[in-house]
Amino acid sequence: MVRGVVIVTLAWGVAACSGGADRGGSGLSGGELFLRHCSGCHPEGGNSKYPQKSLDRFTLAANGIHTAEDIVATMRNPGQGMTRFDRQTIGDADARKIADYILATFR
Ligand code: HEC
């Protein structure tokens, strides 16, 4: 009985540490999701197909992308040469995590 409580507490602690506030998402962090879905074409936030469409803030802003919502909109409805990521592929919670990661990481 007591041991069960300890294990539950530990598991919760681990979930909280791994970036936790994952409401209905995959449980992966924005960085992990970016590596999995995006880094093939956007290594280190660049763009291997069109270097002028990289993911650093200045380039994004120059291309009209300012907020996390704008990045999610790009995933849902991308330009030429980019894979389309619909809600079945990347749910809204995960898409938002990726967007936040991009804004926080590539400057
Ligand atoms: C198959 C290659 C490919 C993959 C995979 C890919 N992208 Fe792209 N991405 C592109 C290309 C090509 C463009 C430029 C499209 C255009 O001309 O509008 C682009 C453009 C973008 C832009 C706009 C950049 C700018 O400066 O205007 C964002 C934001 C973006 N991608 C985010 C993502 C995210 C987030 C993922 C992962 C969920 C992803 N991309 C996966 C190829 C890819």
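Read on for a plain summary of the structure. This one's a predicted model, so the numbers in the text were calculated from it and none came from an experiment.

### Structural notes on the packing of helix α4 (residues 68–76) against helix α5 (residues 92–105)
Then comes step 1: α5 packs onto α4 with a crossing angle of 120° between their chain directions and a minimal axis gap of 8 Å. Taken together, the axes of α4 and α5 lie oblique to each other. Regarding α4 and α5, the two cross each other, and that crossing is right-handed. Where α4 approaches α5, its residues A68, E69, I71, V72, M75 and R76 are matched on the opposing element by D92, A95, R96, I98, A99, D100, I102 and L103.
Then comes step 2: Partitioning the contact of α4 with α5 into residue classes produces nine nonpolar, no polar and five charged.

### A few points about the coordination of the iron atom of the ligand
Then comes step 1: Every protein donor of the iron atom of the ligand is listed here as H42 (NE2) and M82 (SD), and their distances to the metal cover 2.0 to 2.2 Å.
Then comes step 2: One can describe the donor arrangement at the iron atom of the ligand as octahedral, given that its six donor atoms subtend angles of 85 to 179° at the metal. Taken as a pair, H42 in the loop between α2 (30–37) and α3 (57–62) and M82 in the loop between α4 and α5 lie far apart in primary sequence, 40 residues in all.
Then comes step 3: Since its relative accessible area comes to 30%, M82 is described here as partly exposed.

### Observations regarding unusual backbone geometry
Then comes step 1: Positive phi, close to 55°, is recorded for E44, a residue that is not glycine.
Then comes step 2: Along the chain, E44 falls in the loop between α2 and α3.

### Comments concerning the packing of aromatic side chains
Then comes step 1: One pass over the full model with this rule turns up three aromatic pairs.
Then comes step 2: For the pair F34 and Y101, a centre-to-centre distance of 5.6 Å together with 40° between the ring planes defines the contact as tilted. In this pair, F34 is assigned in helix α2 and Y101 in helix α5, connecting sequence segments 67 residues apart.
Then comes step 3: Among the residues examined, Y101 registers a relative accessible area of 27% and is labelled partly exposed.
Then comes step 4: Connected via pairs of aromatic rings, a cluster forms that spans F34, Y101 and F106.

### Quick notes on the nonpolar core
One recurring pattern in soluble globular proteins is that nonpolar side chains are buried together.
Then comes step 1: Counting 18 residues, the largest nonpolar core has F34, L60, I71, M75, I98 and I102 as its most contacted members.
Then comes step 2: Counting residues per element, the ones that place at least two in this core are α2, α4 and α5.
Then comes step 3: Counting residues per element, this core draws most heavily on α5, at five residues.
Then comes step 4: Sequence-distant contacts of I98, that is, excluding residues within four places in its chain, are made with G30, L33, F34, H37, C38, M75 and I90.

### Section: the pattern of salt bridges
Then comes step 1: For the structure shown, the criterion picks out five salt bridges.
Then comes step 2: Note that R76 and D92 form a salt bridge whose closest N and O atoms lie 2.8 Å from each other. In this pair, R76 sits in helix α4 while D92 sits in helix α5, placing the two residues 16 residues apart along the sequence.
Then comes step 3: Exposure remark for R76: the relative accessible area of 14% places this residue in the buried category.
Then comes step 4: Residues participating in the shared-partner salt-bridge network are E69, R96 and D100.

About the criteria used
Residues numbered from 1 in each chain as written. Predicted model: local features only at pLDDT ≥ 70, side-chain atom pairs only at ≥ 80, totals over all residues. Heavy atoms only, no water. Axes fitted to C-alpha atoms, helices over the stretch in contact; angles between N-to-C directions. Helix = DSSP H or I, 4+ residues; strand = E, 2+ residues; numbered from the N terminus. Parallel < 35°, antiparallel > 145°, perpendicular 65-115°, else oblique. Left-handed = near helix turned anticlockwise from the far one by under 90°. Contact = heavy atoms within 4.5 Å. Nonpolar A, V, L, I, M, F, W, Y, C, P; charged D, E, K, R; others polar. Donors = N, O, S within 2.8 Å, 3.2 Å for Na, K, Ca; no water. Tetrahedral: all angles 85-135°; square planar, octahedral: opposite > 155°, others 65-115°. Buried < 20%, exposed > 50% of the residue type's maximum accessible area, 1.4 Å probe, protein only. Phe/Tyr/Trp six-rings, centres within 6.5 Å; stacked < 30°, edge-to-face > 60°. Core = buried A, V, L, I, M, F, W, Y, C linked by side-chain atoms within 4.5 Å. Salt bridge = Lys/Arg side-chain N within 4 Å of Asp/Glu carboxyl O.

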